[in-house]
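In case you want the letters, here they are:
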Amino acid sequence: MQKLFETYEACSREIDYTAPPQAEDGGQEAPALMPVSHTSQQAHICVTLDSEGKFHRAELLPRKSQLIIPATEASAGRAGAKVAPHPLIDKIHYCAKDYKGKKAETFKGGFEAYFDLLTKWSDSEFTHPMVLAVKKYIEKGTLVTDLVTSGILQVDASGELLTKPVDEESGIFKSIQKDQKTKLFDQGDAIVCWKVVGDVLEDRTWGNQELQKQWMLFDAQQEKGNGLCMVSGDVVACATNHPRNIRRPGDGAKLISSNDAANFTFRGRFEEPEQACTVGYETSHKAHNALRWLIARQGYRNGEQAVVAWAVSGARVPNPCGNLLDGINDEDLMRDDAPASSEAVAVEAQPKAPPPNMGLLFAQRLRKALAGYKADLKDTDGVAIMALDAASPGRLSVTFYREQMLEQYLGNLEAWQENCAWVLPVRLPDEEKGKGKKHKRTVYAAYAPLPETIARVAYGRRVDDTLRKATVERLLPCIVDGAHLPRDLVEGCVRRACNRAALEDWEWPEVLGVACAMYKGYRAINFHEKRFDMALDESIDSRDYLYGRLLAVAEYIERTALQQAGEKRATNAERLIQRFADHPYATWRQLELSLAPYMQRLQNSSSAGLLGRAKKILREICDKFSPEAFESPAKLSGEFLLGYHCQMSAFYTKSEKDAAPEEHTQEGA
């Protein structure tokens, strides 16, 4: 809470954070750091008044216009038909004395409550000319009549508000939503905001900072009961109802709640909530507003789970669950000799070849990304990392929290990327196919898999939310603290990669890549061994790596023969990969014998050169084996997937370096 409070104090002075440029109609809006005692609300109608409360005009706002409006604690958390008005900007149900729509009975007493609150504010020492103007106007009770006259609201011949418009995509009906049960509209759901023209520079009530300040002072005055704020250490008015809507609009879970007043009160430890913890009203609102803003701005959301990393200064900090290389140039990705479309991946489903300098490109991109973050921060800045999850609809808990110095945090993220980076598929929008229906293409790039992707690979694409969130929580210490990778998670990824028959063609490259990344990271992090390269390393003579290369050679020979014959089916290597991992010596004998007809087919075709190259590699691999290692009945570790992936990628490399010996071999054959 203290870190969030300090963040709010530091960032609330920046206009870029409190009032970021808002998008026009329908665009993505930048989240704003809200002042205390305010909430965010979508408005539909703007009514312009003069300083005497006379109606001038009314107009429809662009769709999805999100405004920051004054709110009480009760109105900010209202739901359903609960009567709890906002003090100034609210629905027609509350603002219009002459509303007689179908929900008039449901919101009975709403106008009176709204008017009473506005009267208290206008009669207090914290009143504002705009508040007086709005009060004078709504007291007349002509809002609905004026909006009908202005053509904003629509009525039938008898003067009743329409519930079934002729065109749902025109006028006010384009902005409000109809009842999902009755399929009828209620124009009273429209939210009205106010402009008061006069001798003011800012005539919008929702944008006038002096008005916001006056409301905050009035609302703070309504809070009673002083106590010790355990965050600031001051004796101030303490909050009894702490804010909600932390992770998203409509979120009912609270970080601090104290309504355990029945049965086993406070688990028998306290008699009153103040005995456990007290937080100042203003401090609580500032800390919650900062957390809400950070999650919306730079947080990671996984269902009910949220993870955010931030610096007190407000400068952007990479999220441990996000892609550190998000800002890399698209041209860098396309250097990976990637297929032009996802269909190509589905048909071929082969690991694609990284460029010869993939490791160098990855290191350059990583340095560029880290340098970008360091440019906005100082070495002495601290970074806080927090994970939140809801144990129940009304309770929110902090499941992970760390505070680190910037250098340490970025160093850990860099180490995670370097240890776990592998060639993985990336889905990007395909602009070449034009606008309209969204098309995507698959390219390949080197980076560490995201925690959510690791959970999906380890437990299948239908993994439930609880298991996915638990996996993300287990991986957070590995990324942020450099803790050891869970062995069961690594083995889960390797097992799924070995079960090739159960995987769709489109998911095979991702599962294989993530399994390689996890095993590579497991060896580097848990055992501090030398990192495996992402390209083929012919100097490695370990049994598992060599067996992986053998499997790739067998698959390449059979795949080439099948493609030449126009057949599309799984190869024997693909079908037997699970058995190969458990009994490599016995299974290789079976695979080797089954290759004979395919070799014969290639030998008598134009692909004899490719066969010669594969045979040469096969002999080189076999020569590296010791007889004892080759005939050992031991199972293969995940390392064989690294050898398999690298060898397959090397076969499909289309560099000039490999093209020359291939032509030479063909001539020789």
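Quick note: structure is the one above.
Just so it is clear, the model here is predicted, and its values are computed rather than measured. Each chain carries its own residue numbering, running from 1 in the direction its sequence is written. Given that the model is predicted, a residue must reach a pLDDT of at least 70 before its local features are reported, and side-chain atom pairs must reach 80 or more before they are shown or counted; all residues, however, enter totals for whole chains, interfaces and linings. With hydrogens and water set aside, each side-chain value is computed from the structure's full complement of heavy atoms.

### Notes on the overall build of the protein
Counting secondary structure elements, the protein contains 26 helices and 12 strands. Throughout, exposure labels follow a simple rule: accessible area from a 1.4 Å probe, protein chains only, divided by the maximum for the residue type, with under 20% read as buried, over 50% as exposed, and the rest as partly exposed. In the protein, buried positions account for 50% of the 669 residues. In this analysis, two residues are considered to be in contact whenever any of their non-hydrogen atoms come within 4.5 Å of each other. Taking the contacts inside the protein whose residues are at least 6 apart along the sequence as the reference set, 68% of them involve residues at least 24 apart. For the protein, the computed accessible surface area is about 31,900 Å², with 49% contributed by carbon and sulfur atoms. A run of DSSP states H or I qualifies as a helix once it reaches four residues; a run of E qualifies as a strand once it reaches two. Both are numbered from the N-terminal end. Surface exposure here means Shrake-Rupley accessible area, sampled with a 1.4 Å probe, where a residue is shielded only by the protein chains that are shown.

### A word on the environment of A32
Following the sequence through the fold, A32 ends up in the loop between α2 (15-18) and β1 (38-50). Separated by 14 residues in sequence, A32 and T18 have C-alpha atoms that sit 5.1 Å apart.

### A closer look at the pairing of strand β9 (residues 382-392)
Of all 11 residues in β9, 8 are buried, a share of seventy percent or more. When DSSP finds two or more bridges between a pair of strands, those strands are recorded as paired. Relative to β9, strand β8 (residues 305-311) runs antiparallel, the two being bridged by 6 bridges. In the sheet register, A309 faces β9, and the bridge partner there is I385. Where β9 meets strand β10 (residues 395-405), 10 bridges bridge the pair, whose relative direction is antiparallel. Its bridge partner lying in β10, I385 is registered against R402. Hairpin geometry of β9 and β10 is characterised by an intervening segment of 2 residues between the two adjacent antiparallel strands.

### Side note on the pattern of salt bridges
A side-chain nitrogen of Lys or Arg and a carboxyl oxygen of Asp or Glu constitute a salt bridge if their distance falls within 4 Å. Under the definition given, this model contains 22 salt bridges. One salt bridge connects E507 with R461, and the closest N-O pair in it is separated by 2.7 Å. Here E507, found in the loop between α16 (487-498) and α17 (508-526), pairs with R461, found in the loop between α14 (451-459) and α15 (465-480); they are 46 residues apart in sequence, far enough to count as distant. R461 sits in the partly exposed class, given a relative accessible area of 38%. One salt bridge in this structure joins E567 and R601, with 3.8 Å as the shortest N-O distance. On the criterion of sequence distance, the pair formed by E567 in the loop between α18 (543-564) and α19 (572-575) and R601 in helix α22 (residues 596-603) is long-range, its members being 34 residues apart. Overall, R601 belongs to the partly exposed group, its relative accessible area being 34%. Taken together, the shared-partner salt bridges connect R500, D505, R559 and E574 into one network.

### So, the sheet that holds β10
In a beta sheet, neighbouring strands pair by backbone hydrogen bonds and run either parallel or antiparallel. Strand order in the open sheet made by the 4 strands is β7-β8-β9-β10, with antiparallel pairing throughout. Only two strands of the sheet have a single partner each, and these edge strands are β7 (300-302) and β10. The average undirected angle you get between the axes of adjacent strands in this sheet is 15°. The pairing of β7 with β8 spans 3 bridges and is antiparallel. Bridge pairing links Y300 to V307 in β8. Inter-axis angles, ranging from 0 to 180 degrees, are taken between N-to-C directions of lines fitted to C-alpha atoms, where helices are fitted over the stretch in contact. Those strands touched by helix α1 (residues 2-11) are β8, β9 and β10, and its axis lies near 55° from that of β8. Where helix α9 (residues 281-298) meets the sheet, it contacts β7, β8 and β9, and its direction lies at approximately 100° from that of β8.

### Side note on the sheet that holds strand β4 (residues 191-197)
Pairing within the open sheet is mixed, and its 4 strands lie in the order β2-β1-β4-β3. Looking at the sheet topology across the chains shown, the edges are occupied by β2 (55-70) and β3 (90-91). Across 6 bridges, β1 lies against β4 in parallel orientation. Looking at β4, one finds that V47 is bridged to W194. With respect to the sheet, helix α6 (residues 129-140) is in contact with β1, β2 and β4, its orientation differing from that of β4 by roughly 120°.

### Brief notes about the packing of helix α5 (residues 110-123) against helix α8 (residues 209-222)
Viewed as axis vectors pointing N to C, α5 and α8 meet at an angle of 100°, and their least axial separation amounts to 11 Å. What the angle tells us is that α5 and α8 run roughly perpendicular. Between α5 and α8, the contacting residues are L117, K120 and W121 on the first element and L211, Q214, W215 and F218 on the second. Its residues assigned to classes, the contact of α5 with α8 comprises 5 nonpolar, 1 polar and 1 charged. Here the angle decides the label: under 35 degrees means roughly parallel, over 145 means roughly antiparallel, 65 to 115 means roughly perpendicular, and every other value means oblique. Here the term charged refers only to Asp, Glu, Lys and Arg, the term nonpolar to Ala, Val, Leu, Ile, Met, Phe, Trp, Tyr, Cys and Pro, and the term polar to all other amino acids, Gly among them.

### A look at the environment of A446
Tracing the chain through its elements places A446 in strand β12 (residues 440-447). Take A446: its relative accessible area is 1%, and that puts it in the buried class. In the structure, A446 is positioned 26 residues away from C420 in sequence and 9.5 Å away in space, judged by C-alpha atoms.

### Describing the nonpolar core
We define the nonpolar core as a collection of buried residues of types Ala, Val, Leu, Ile, Met, Phe, Trp, Tyr and Cys that are connected through side-chain atoms lying within 4.5 Å of one another. Ranked by internal contacts, the top residues of the largest apolar core, which has 100 residues, are W416, L485, I557, W588 and F640. By residue number, the principal contributor to this core is α18, which donates 12 residues. Every residue in contact with L485, bar those within four places of it in the chain, is listed here: W416, C420, L475, C478, V490, M518, G521, Y522, I525 and N526. In terms of nonpolar packing, the next biggest core, distinct from the first, is built from 50 residues, L67, Y99, I191 and W215 among them.

### Topic: the packing of α18 against helix α21 (residues 584-594)
The contact between α18 and α21 brings their axes to 11 Å, and the two run at 20°. In terms of orientation, α18 and α21 fall into the roughly parallel class. Note that α18 runs across α21; the crossing there is left-handed. Counting all contacts with α18, which are made through R543, Y547, L550, L551 and A554, the residues of α21 involved are P584, Y585, W588 and L591. Here the contact of α18 with α21 is built from residues that sort into 8 nonpolar, no polar and 1 charged. By convention, the crossing between two helices is left-handed when the near helix turns anticlockwise from the far helix through less than a right angle, and right-handed when the turn is clockwise.

### Considering the side chain of K286
With respect to the element layout, K286 can be found in helix α9. For K286, a relative accessible area of 10% translates into the label buried. By the criterion applied in these results, polar contacts are pairs of N or O atoms within 3.5 Å in which, for protein atoms, one can donate a hydrogen and the other can accept it, and in which residues neighboring in sequence qualify only through two side-chain atoms. For K286, the side chain forms a polar contact with the side chain of E9, separated by 2.8 Å. With residues up to four places along the chain from it excluded, the contact list for K286 reads F5, Y8, E9 and V36.

### Points about a nonpolar patch on the surface
A cluster of nonpolar side chains, namely L228, M230 and V235, defines an oily patch on the protein surface of about 310 Å² accessible area. Its location among the elements puts V235 in strand β6 (residues 235-237). Distance thresholds for patches are 9 Å for like charges and 5 Å for nonpolar side chains (Val, Leu, Ile, Met, Phe, Trp, Tyr), applied to residues having over 30% relative accessible area and no salt bridge.

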